[in-house]
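# Structural description and commentary
One letter stands for each residue in the lines below.
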Amino acid sequence: MILGDAIRAEIDELATRYPERRGALLPALHLVEREHGHISPDATRELADLFGLRPNEVLAVVSFYEMFGTEPRGRHRAGVCTNLPCSLRGARTLLAQLELHLGVRAGETTDDGRLTLGREECLGACAAAPMMRVDEVDHEHLDFEKASAILDGLE
Amino acid sequence: MTLSIPNTTGYLTEHCGDDAFATLKGYTARGGYSAARKALRSKPAELLELVERSGLQSRGGMGLPTGAKWRCMPSERDGPSYLVCNAGESEPGSFKDRLLLERAPHKLIEGILIAAKATGAEKTFLYIRGEYFRAARAMERAIEEARSAGYLGKGRLRRRFAHDIVITRGAGAYICSEETALLESLEGKRGEPRNRLPLPGGLHAFGRPTTVNDVETLCHLPHIVEHGVDWFRSFGTEQSPGTTLFGVSGHVVQPGLYELPLGTPLDEIVFEYARGIPHGRRVKGVIPGGLSMAILPAGQLNVPMANESLRERKAMLGAGGLIVMDETTCMVRVACIISGFFRHESCGRCTQCREGAGWLHKLVQRLERGTGTRKDIAILEDVARKMEGQAICGFADSAAWSIQGLLRHFRDDFDAHVRQRQCPFAGSFEL
Ligand SMILES: Cc1cc2nc3c(=O)[nH]c(=O)nc-3n(C[C@H](O)[C@H](O)[C@H](O)COP(=O)(O)O)c2cc1C
Ligand code: SF4
Ligand code: FES
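A short tour of the structure in this document, coming up. Remember, it's a predicted structure, so these values are computed and weren't measured experimentally. (Residues numbered from 1 in each chain as written. Chains lettered and ligands numbered in written order. Predicted model: local features only at pLDDT ≥ 70, side-chain atom pairs only at ≥ 80, totals over all residues. Heavy atoms only, no water.)

## Points about the site of ligand 2
- What surrounds ligand 2 is a group of 13 residues, the closest being Cys347(B), Arg349(B), Cys350(B), Cys353(B) and Cys393(B).
- A breakdown of the residues in the shell around ligand 2 according to their chemical character gives 10 nonpolar, 2 polar and 1 charged. (Near = heavy atom within 4 Å. Nonpolar A, V, L, I, M, F, W, Y, C, P; charged D, E, K, R; others polar.)

Next comes the structure, spelled out in structure tokens:
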């Protein structure tokens, strides 16, 4: 079993908040994603059991959402917003500089497994463009110096 | 660093710059929850009538009258019904709900209590987009506080009206801010919009009658209940009363969030409040409502920011996000980003949306690189036309209208790319 007792108990508690158990599926996927960094085939099967679904049904949900992944990624995830308001203020130039600096393209992970670099659609911080999200935190009013220092400082 | 303080305030964002306002103590010290207490003593029909007379238009993008939406709830019910608060805010250029969630969480709870009482909902599902971590934490804290004070759950208001709020976090899909896709997602499914009206009597979550309202819409309610219809109608226009939160981004000296009455002229927001275009440049165009709304060219910026005026120019208020572009901007690059967004975010259910968005992006990319032809522009127009009015949800229309708007007002930019076989705007932002 890959899902521990604590997470199973938490999922059971979440399920009581919804009129149908399945309402807790997205919250459960967030829990697994946070603990394991991705939703593995084993986790998918066990979640399917917990929700009375087929693994394929769980997979169909996982694959729909950008924040869930079926493959392991870097220990940290950084995404530069490249939507229009941020691009008007240099976001795409910044992303290109960061790609060069880290030696990876957007969507790739550094060789040491430390960081996955990516792009984001608008994250609701357009007035502080350019910006990026690193794990759960937004960094705003960026330039290359600031952004690279933040990424270099990640464990 | 946080984007937390509005640049101009009105009743919605007053005190939002103050950290204490996000706490129960700070909120009640500034008069908070008195409207909820008043509302919970009122009859649902009275509240409904009040909101109907206030003329409050929904702030989630459609601009429909909130009172009329509430009336869609069936009057006879044989079980529970729900309120869903749409905090899926994903419209590029729009960031108003985020400020309210982070800085005025108790105001939203108060608005939820009022709407729930008016519509007879026994529970609220608050659907927050997954990337809004800080907003979700702020709401969790506030809900916990409101429970211990008895405003939610079992407690002091329970005899009159027991209500609770459940937070569900989205997981990164623009389309889940469309209400039927949101409901699917809430039920633990893929966030694909539903076919219109599968069940009689409006929307359903978990098969039960449900009202969906935007965060900002709900935040107006405590003020309407507290101060009344005449007060509310003293802001804004006859058809669009109240203030709203305008997000201003792009090429302006002072980007930010501005609370202003509906009907404030667009050019006043850009040139006075946001202090105009930097580097002494001129404006080229402004998208008034968020990325998926049609653009307005420099000559049409004297329009009042209210749906009745914007509609005459084929634009919409949308979620109130103003994206400002200066004269260096290449509108084909803008089209490239917009079509790329639509291609990326189409849920794929409808062929014309899935295929159309892909086509739009391919054609615009070709034009941007200078390898496009006149015929490509004609095909672009044709593809956009075929995406209109056919699809399950409004997303395909938005994709079509935003590209059509760019072609209508900035055709020269597209033609110049074909003539010169390259992008003629050397100083434009980079792709
Ligand atoms: C493509 C699309 C995107 C939408 N995005 C949002 C959004 O980000 N926030 C929102 O509240 N409503 C959004 N809406 C409107 C919702 O479907 C719904 O009408 C709204 O949440 C209802 O709340 P209101 O009546 O208070 O506006 C969107 C609609 C469409 C078609
Ligand atoms: S119009 Fe596009 S986004 Fe909307 S349901 Fe159809 S495919 Fe999905
Ligand atoms: S466009 Fe980047 S945060 Fe909105």
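## Focus on the site of ligand 1
Residues and elements named next belong to chain B.
- Not every one of the 17 residues close to ligand 1 is listed here, only the nearest: Ser-58, Gly-60, Lys-69, Asp-214 and Thr-217.
- In this structure, Lys-69 approaches ligand 1 through a side-chain N or O atom, which is 2.7 Å from an oxygen atom.
- For ligand 1, an oxygen atom lies 2.8 Å from a polar atom in the side chain of Asn-86.
- Look at ligand 1: alone it shows 600 Å² of surface, and the protein chains cover 94% of it.
- In terms of residues, the shell around ligand 1 owes the most to one element, strand E5 (residues 208-214), which gives 3 residues.
- When grouped by side-chain class, the residues that make up the shell around ligand 1 number 3 nonpolar, 8 polar and 6 charged. (Polar contact = N/O pair within 3.5 Å; in protein donor to acceptor, adjacent residues only side chain to side chain. Areas by Shrake-Rupley, 256 points an atom, 1.4 Å probe, with all protein chains shown as cover. Helix = DSSP H or I, 4+ residues; strand = E, 2+ residues; numbered from the N terminus.)

## Some remarks on the interface of chain B and chain A
- Facing the 60 residues of chain B at the interface are 41 residues of chain A.
- A combined buried area of about 4100 Å² lies between chain B and chain A, and 60% of that area is made up of carbon and sulfur atoms.
- Here chain B and chain A share 2 salt bridges between them.
- For the salt bridge of Arg98(B) with Asp138(A), the shortest nitrogen-to-oxygen distance reads 2.8 Å.
- Connecting chain B to chain A are 21 residue pairs in polar contact (both at pLDDT 80 or more).
- Its residues assigned to classes, the side of chain B that touches chain A comprises 31 nonpolar, 16 polar and 13 charged. (Contact = heavy atoms within 4.5 Å. Buried area = accessible area lost by both parts, 1.4 Å probe. Salt bridge = Lys/Arg side-chain N within 4 Å of Asp/Glu carboxyl O.)

## Looking at the packing of aromatic side chains
- Summed over the entire model, instances satisfying the criterion amount to 18 aromatic pairs over all chains.
- Among the aromatic residues, those joined into a cluster by ring pairs are Tyr18(A), Tyr82(B), Phe125(B) and Phe206(B).
- The ring of Phe51(A) has Arg21(A) sitting right over it, with the charged end atom 5.6 Å from the ring centre.
- The ring of Tyr132(B) carries Arg98(B) above its face, with NZ or CZ at 5.2 Å from the centroid. (Phe/Tyr/Trp six-rings, centres within 6.5 Å; stacked < 30°, edge-to-face > 60°. Lys NZ or Arg CZ within 6 Å of the ring centre and 35° of its normal.)

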